[in-house]
Amino acid sequence: MDSKRIIVNPDGQVVPCCFFANSLYVSKQHGYPKKFDIKEYDFGLKDELTLYSLTSAETTTDPILNSYIEQEGELNAHNNPLHEIIDHDWYHELYASWDDEEKVSPICVRNCTDEV
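Residues numbered from 1 in each chain as written. Predicted model: local features only at pLDDT ≥ 70, side-chain atom pairs only at ≥ 80, totals over all residues. Heavy atoms only, no water.

Digging into the pattern of salt bridges
Piece 1. Enumeration according to the criterion identifies two salt bridges in this entry.
Piece 2. Where K28 meets D11, a salt bridge forms, and the shortest distance between an N and an O atom there is 3.4 Å. With K28 in helix α1 (residues 18-29) and D11 in the loop between β1 (7-8) and β2 (14-15), this residue pair connects regions lying 17 residues apart in the sequence.
Piece 3. When its relative accessible area of 32% is taken as the criterion, K28 is described as partly exposed.
Piece 4. Ionic pairing is found between K28 and E72, a salt bridge with its closest N-O pair at 3.9 Å. In this pair, K28 sits in helix α1 while E72 sits in the loop between α4 (63-70) and α5 (82-85), placing the two residues 44 residues apart along the sequence.
Piece 5. Three or more residues are tied together by salt bridges with common partners; here these are D11, K28 and E72. (Salt bridge = Lys/Arg side-chain N within 4 Å of Asp/Glu carboxyl O. Helix = DSSP H or I, 4+ residues; strand = E, 2+ residues; numbered from the N terminus. Buried < 20%, exposed > 50% of the residue type's maximum accessible area, 1.4 Å probe, protein only.)

Some words on helix α6 (residues 89-97)
Piece 1. Here α6 has its buried residues at W90, Y91, L94 and S97. Viewed end-on, α6 has its buried residues packed into an arc of 125°, placing them on one side of the element.
Piece 2. In the core, the buried residues of α6 are packed alongside β2, α1, α4, α5 and α7 (106-112). (Arc of directions from axis to C-beta. Contact = heavy atoms within 4.5 Å.)

Focus: the nonpolar core
Piece 1. In this structure, F20 and W90 are the most contacted members of the largest nonpolar core, which totals 19 residues.
Piece 2. For this core, the secondary structure elements donating two or more residues are β2, α1, α4, α6 and α7.
Piece 3. The element contributing the most residues to this core is α4, with four residues.
Piece 4. Setting aside its immediate chain neighbours within four residues, W90 contacts P16, F20, I64, S67, Y68, Q71 and L75. (Core = buried A, V, L, I, M, F, W, Y, C linked by side-chain atoms within 4.5 Å.)

Take a look at the structure:
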């Protein structure tokens with residue numbers, strides 16, 4: 001969050017970055033799956049090219065994403081002003097998770113971890 005930027009999706013969801021925006025949007029389009037079994041999924045060409053189904057399934061194991069989904073109404077610019085959203089408990093939970101490798105979102109680790 002060093003850049004001090006946020007993203008407001010077209011549906012009003014306020015998220016910290018494009019990586020969260022994409023994962024949450026795709027997961028929402030798939031009905032926020034609670035589990036994912038690759039053997040049960042019928043991969044079409046579109047899925048094989050974009051991995052939408054796998055991105056959607058990421059929410060099944062990511063506590064930070066699941067916490068966002070539970071509170072998405074409060075984190076929506078159509079429902080609350082931006083200054084309240086960015087000071088919401090979920091953002092504090094996100095920031096605190098960066099110091100705890102058991103709680104940090106895989107999205108953060110994969111896209112924003114500095115490798116030494």
